[in-house]
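Spelled out, the chains give:
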Amino acid sequence: MANLGQGGRDAAHDLPFAAIPGNGVCMMRSSWKDEQHPSFIQFISSFLSSNSYRLNFLPIAPDFIFNNGGQSVAFVFVTSWISETMNHIFSRILKLKGQFKHLYIIVSVPTREQNDSFVRSYFKNGMEFGKPVFVFVQDLEMGFEKIVKIAHVYGVLRRTDAVSKLRIEHKILKREKSVENIDTFVKVITSIPGINKHDANVLFQAIGSIEAISKASKSHIVENTDISGHKAETIVRFFKDSNYCFRPKII
């Protein structure tokens, strides 16, 4: 029966639990809490605290909603499989499936009879294989640990996406800044009498910064660009001769 959950396997099952930091909020359905043994609720509270989650009790539709790093994941936790409640459970799951992008169903089926009962009910209710993902556990503590693990991973993936986005934005800004620098470079170089945009671009590609050009000799400019000797001499004079540099440019 455990194979039913494999159809929906995703990245949330592939990262080691101990390597995933938590730092989010867990919302528990108030009525679900009232149906559980107090010792299990105490276990949940302690487990969440040790994994840096805040616990709130709210009248939500799923049994749990975790928000970690801005990413929400919903869970239905079926802690007791009773044949009389099967149709209601699957009806609820189908309704939640349309409301939540990330929905997992954790089912405790410790006995063979319960497992077989679930299989019959699963196909009878026309569930779509792997949508949502069903995770089967032998005991309640294991079930909740799996819930937290899945929520952790989604949070990590969300933060990873955010970091990647910031890196891309940084590259874009850096590229835009580079374009601005080139524009400034061209404006400075074309302020030299007789030097046009083509000459400025050639100097930028062959020699580099304004500082490098100011230190370049006539022969170095001629040898490394297609700029004429006369223009090269003008460029050198512009940077070496302060009187020439501040002379008004004739257009």
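Above this text sits the structure in question.
The present account deals with the structure reproduced in this document.

Even without glycine at this site, Ser52 takes up a positive phi of about 65°. A residue is classified by how much of its surface remains accessible, and Ser52, at 42% relative accessible area, is partly exposed.

It is worth spelling out the pattern of salt bridges at this point. Per the counting criterion, the structure on display carries five salt bridges. Here Asp63 makes a salt bridge to Arg29, at a shortest N to O gap of 2.7 Å. In this pair, Asp63 is assigned in the loop between β2 (53–58) and β3 (64–68) and Arg29 in strand β1 (residues 24–29), connecting sequence segments 34 residues apart. Taking the shortest distance from any N to any O, the salt bridge between Glu211 and Lys215 comes out at 3.1 Å. Of this pair, Glu211 and Lys215 both sit in helix α7 (residues 210–215), four residues apart, which is roughly one turn of the helix. Note on accessibility: Glu211 and Lys215 belong to one class, exposed. Here the salt bridges share partners, and the residues they tie into one network are Arg29, Asp63 and Arg92.

Rules and cut-offs
- Residues numbered from 1 in each chain as written.
- Predicted model: local features only at pLDDT ≥ 70, side-chain atom pairs only at ≥ 80, totals over all residues.
- Heavy atoms only, no water.
- Buried < 20%, exposed > 50% of the residue type's maximum accessible area, 1.4 Å probe, protein only.
- Salt bridge = Lys/Arg side-chain N within 4 Å of Asp/Glu carboxyl O.
- Helix = DSSP H or I, 4+ residues; strand = E, 2+ residues; numbered from the N terminus.

Read these as geometric descriptors, not functional statements.
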